Amino acid sequence: MMKWICIIFAVFLVSCSKLDTNNNSITEASGVERIVIDSDEPKYTTELEQVFSINQLEEEHIASVWGMYEDEDQNVYLQDYRGFKVHQYSEDGDFIKSFGKEGKGPGELSYLTNSVVNGGQLLIVDDIAMKVLVFDTDTGDFQSMVNIRLDKHEGPQFWAFEILPESDSTFVVKPSGSFRNSPDSLGLFRYWMNGEFNAESIFNYKRSEALEGKSGNSRFWSPTSFTAKSVVKMKPEGGWVYADASIPDFHIYDAEGKLIKVLTIVKESIELTGEHISHEIESSHAMLNLERNIKNAESVPDVWPIWDEFLISRSGNIWVEMNINPPFEREWWIISQEGGLLSKFSLPDNTALRFVSENHLITSRFPEGIMQVDRYQMKFNPVSGSN
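Residues numbered from 1 in each chain as written. Predicted model: local features only at pLDDT ≥ 70, side-chain atom pairs only at ≥ 80, totals over all residues. Heavy atoms only, no water.

A. Summary view of the side chain of serine 215. Among the structural elements, serine 215 can be located in strand E21 (residues 211-215). Excluding its chain neighbours within four sequence positions, the residues that come into contact with serine 215 are Phe220, Arg292 and Asn296. (Helix = DSSP H or I, 4+ residues; strand = E, 2+ residues; numbered from the N terminus. Contact = heavy atoms within 4.5 Å.)

B. Geometry of the sheet that holds strand E28 (residues 318-325). The sheet built from 4 strands is open, its strands ordered E27-E28-E29-E30 with antiparallel pairing. Strands with a single pairing partner mark the edges of an open sheet, and in this sheet they are strand E27 (307-312) and strand E30 (341-345). For this sheet, the mean inter-axis angle between neighbouring strands, taken without regard to orientation, is 25°. For E27 and E28, the ladder comprises 5 bridges, and the chain directions are antiparallel. Pairing of phenylalanine 310 across the sheet is with valine 320, part of E28. (Pairing = 2+ DSSP bridges. Axes fitted to C-alpha atoms, helices over the stretch in contact; angles between N-to-C directions.)

C. Molecular detail of the nonpolar core. Membership of the largest hydrophobic core comes to 24 residues, with the highest contact counts inside it found for Leu78, Leu122 and Ile124. Put simply, the parts of the chain that give this core at least two residues each are strand E4 (44-55), strand E5 (65-70), strand E6 (76-80), strand E7 (85-89), strand E12 (121-126) and strand E13 (131-136). Counting residues in each nonpolar core, the second largest holds 21 residues, with Ala243, Phe250, Met322 and Trp333 among its members. (Core = buried A, V, L, I, M, F, W, Y, C linked by side-chain atoms within 4.5 Å. Buried < 20%, exposed > 50% of the residue type's maximum accessible area, 1.4 Å probe, protein only.)

D. Examining a negative patch on the surface more closely. On the surface, Glu72, Asp73, Glu91, Asp92, Asp94, Asp138 and Glu358 cluster together into a negatively charged patch. Here glutamate 91 is to be found in the loop between E7 and strand E8 (95-99). Judged by its relative accessible area of 37%, glutamate 91 is partly exposed. (Patch = residues over 30% accessible without salt bridge, like charges linked within 9 Å, V, L, I, M, F, W, Y side chains within 5 Å. Areas by Shrake-Rupley, 256 points an atom, 1.4 Å probe, with all protein chains shown as cover. Salt bridge = Lys/Arg side-chain N within 4 Å of Asp/Glu carboxyl O. Lys, Arg positive; Asp, Glu negative; His and termini not counted. Charge placed at Lys NZ, Arg CZ, Asp CG, Glu CD.)

E. Representation of the packing of aromatic side chains in the model. Applying the stated criterion across every chain yields a total of 15 aromatic pairs. With a centroid separation of 6.2 Å and an interplanar angle of 55°, the aromatic rings of phenylalanine 203 and tyrosine 205 are classed as tilted. Seen from their ring centres, phenylalanine 250 and tryptophan 307 are 6.1 Å apart, and the 35° between their planes marks the pair as tilted. Here the residue phenylalanine 250 occupies a position in strand E25 (residues 249-253), and tryptophan 307 occupies one in strand E27, the gap between them amounting to 57 residues. According to the relative accessible area criterion, phenylalanine 250 is buried, its value standing at 1%. (Phe/Tyr/Trp six-rings, centres within 6.5 Å; stacked < 30°, edge-to-face > 60°.)

F. Examining helix H2 (residues 274-283) more closely. Listed in full, the buried residues belonging to H2 are His276, Ile277 and Glu280. Seen end-on, H2 carries its buried residues on one side only, within an arc spanning 95°. With respect to the buried face of H2, the exposed residues turned more than 90 degrees away are Gly274, Glu275 and Glu282. In this fold, the buried residues of H2 make contact with helix H3 (290-296). (Arc of directions from axis to C-beta.)

G. Structural context of the side chain of asparagine 55. Mapped onto the elements of the fold, asparagine 55 is located in strand E4. The buried category is assigned to asparagine 55, whose relative accessible area is 15%. Of note is the side chain of asparagine 55, whose polar atom sits 2.9 Å from the backbone nitrogen of leucine 57. Setting aside its immediate chain neighbours within four residues, asparagine 55 contacts Ile370, Met371 and Gln372. (Polar contact = N/O pair within 3.5 Å; in protein donor to acceptor, adjacent residues only side chain to side chain.)

H. Examining the confidence of the model for the protein more closely. Averaged over all residues, the pLDDT of the protein equals 86, while 88% of them reach at least 70. Confidence, read as mean pLDDT per element, is least for strand E1 (residues 3-10) in the protein (37) and greatest for E7 (98). Contacts of residues 1-21 to residues separated by more than four positions or lying in other chains number 68 contacts, the stretch itself having pLDDT below 50. pLDDT under 50 marks residues 154-158. Its contacts with residues more than four places away, or in other chains, come to 16 contacts. (pLDDT = per-residue confidence, 0-100.)

I. Broad picture of the sheet that holds strand E19 (residues 197-199). One open sheet accounts for 4 strands, arranged E15-E16-E18-E19; its pairing is antiparallel. The sheet is open, and its two edges are formed by strand E15 (162-165) and E19, each paired on a single side. On average, adjacent strands in this sheet sit at an angle of 40° to one another, irrespective of strand direction. As paired strands, strand E16 (residues 170-174) and strand E18 (residues 189-192) are joined by 4 bridges and run antiparallel to one another. From the neighbouring strand, threonine 170 faces E18, where its bridge partner is tryptophan 192.

J. Summary view of the environment of histidine 251. Along the chain, the position of histidine 251 falls in strand E25. The class for histidine 251 is buried, based on a relative accessible area of 14%. Along the chain, histidine 251 and tryptophan 240 lie 11 residues apart, while their C-alpha atoms are 8.1 Å from each other. In contact with histidine 251, not counting residues within four places along its chain, are Trp240, Val241, Tyr242, Leu259, Lys261 and Val262.

Structural data, given as structure tokens:
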């Protein structure tokens, strides 16, 4: 077991958010509370102890992993979209079993879009077949299939959708805004667990930005590192956080879609330079045709997005990957829902933070082009003299 100790700015994620106070709050005429996030001194250092590491070459059952997360028992799940399976590992990194396989029969997938654990069940989304497969997480047995009905909606916005369970009886469908045929305005829709439509859009939000234009006889829509994402995350206690990376606001909604709070980050914009664009072209995959798309785009941003990614931890804090000196430097900020800036830290180069629980991190990286998943235990130590 490897111990990695780094003095980075961190926080005791559960208790610290409860102790946080904020004097930068105003109530707007609409009744919505707006909090300007103040950059306080960090309250904790953290000690990260590596629990396990999974290397793709050492796991013969893995084809190509994308998503990863934990359940409440600290089992880890890896979504293997090329293998049409979700792999389950113990909290110590031992392989347990796999769920799903390619095909059109019971318990089989045409495509693995995403998955989620809801209690003792694993729900796997197949957006090609418009269905959700339900497995028992303990036995691995296939239990049932839920067909997603689209009678109330236009089909294109549901291509590559995500499901977010709210309870044993309902889940929310979140359509992707990352495709050319996605509408400009997306919505969250609630369904009963049998797949029947439950309610109209909980709230609407804009799709992610991208380079748009025409190349030859066809139009293209191409997201890049310097076009702003538009992201919705579910809060563990219920409700939603929505943010558009082109503006400094994080919108907090209750479960029924009522806006209750806005958190505003004060940060100067960063110019997108020709040097930056050249760097992104050189480091991009040839199949993306980034140089061609930039040349033919109807417009190119003048500034970088404020952030690159954000997650919600199991304790409800907002983890935001801020663009500090893009494309070379990014920094994770941990923000409480009360508007306190709890922590700042940086991960090693080329390491992506994929999941945060109360006291664990899961990251991915690609040393020498081979995927590696790392899980760390977090230990938090107060900084001397911090409040």
